[in-house]
Amino acid sequence: MVVCCLLLSGCSSRHVDYRSISWKELASFAYAPSVTPRSKHKRPIHLPKAILRLNGTPLRLSGYMMPVEMDGENVATFVLVRNQALCCFGRTPAMNEWVMVRFPAGRSVAMNMDQPVSVMGSFEVGEQIEEGSVISLYRMVADRVEIDEGKPAGWQAN
């Protein structure tokens, strides 16, 4: 596999051992949010221990970039999904089938929605709740983003 690095603006190089993780692992359980727009009370959530242990871990995850916030022509925040069908024309992904990716302040990456990418960074696990709704279960602060060249059309991450 040929890997091409997307240069992050303001990037500093440092060596970190990133553990590769699969979407199969991340989506291996049925997730029910602790709050819903119709509920008045928050209930405890039960995430698998193997998933909880990922919090704060340096991970590598592959998928497709769906931009959320732009910094000029670069992407400052994006959703990483397993395949392109989990976008506008496919089914809505479950909360444990996508990761909100952001960069440290002042950093961004060139937009690349049509090729699979690998994201390396610090993984966060836990419900992020705003205005009574869960807006994410998984987040990642990206250190690096690489294009995974040589993948066939329609490739889907494991």
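Participant: Residues and numbers for the side chain of Asn96, please.
Facilitator: Along the chain, Asn96 turns up in the loop between β4 (74–81) and β5 (98–102). Overall, Asn96 belongs to the buried group, its relative accessible area being 3%. Polar side-chain contacts of Asn96 include one of 2.8 Å to the backbone oxygen of Phe29.

Participant: I'd love a proper account of the packing of aromatic side chains, names of residues and values included.
Facilitator: Under the defined criterion, the tally for this structure stands at two aromatic pairs. A centroid spacing of 5.3 Å and a plane angle of 40 degrees characterise the contact between Phe123 and Tyr138, whose relative ring orientation is tilted. Remark: Tyr138 occurs in strand β8 (residues 133–149) and Phe123 occurs in strand β7 (residues 117–130); sequence separation between them is 15 residues. Judged by relative accessible area, Phe123 falls into the buried class, the value being 0%. Residue Tyr138 is classed as buried on the basis of its relative accessible area, which comes to 0%.

Participant: Talk me through the side chain of Ser62; I want residue IDs and the actual numbers.
Facilitator: Relative to the assigned elements, Ser62 resides in strand β3 (residues 58–71). A polar side-chain atom of Ser62 sits 3.1 Å from a polar atom in the side chain of Asp148.

What counts and how
Residues numbered from 1 in each chain as written. Predicted model: local features only at pLDDT ≥ 70, side-chain atom pairs only at ≥ 80, totals over all residues. Heavy atoms only, no water. Helix = DSSP H or I, 4+ residues; strand = E, 2+ residues; numbered from the N terminus. Buried < 20%, exposed > 50% of the residue type's maximum accessible area, 1.4 Å probe, protein only. Polar contact = N/O pair within 3.5 Å; in protein donor to acceptor, adjacent residues only side chain to side chain. Phe/Tyr/Trp six-rings, centres within 6.5 Å; stacked < 30°, edge-to-face > 60°.

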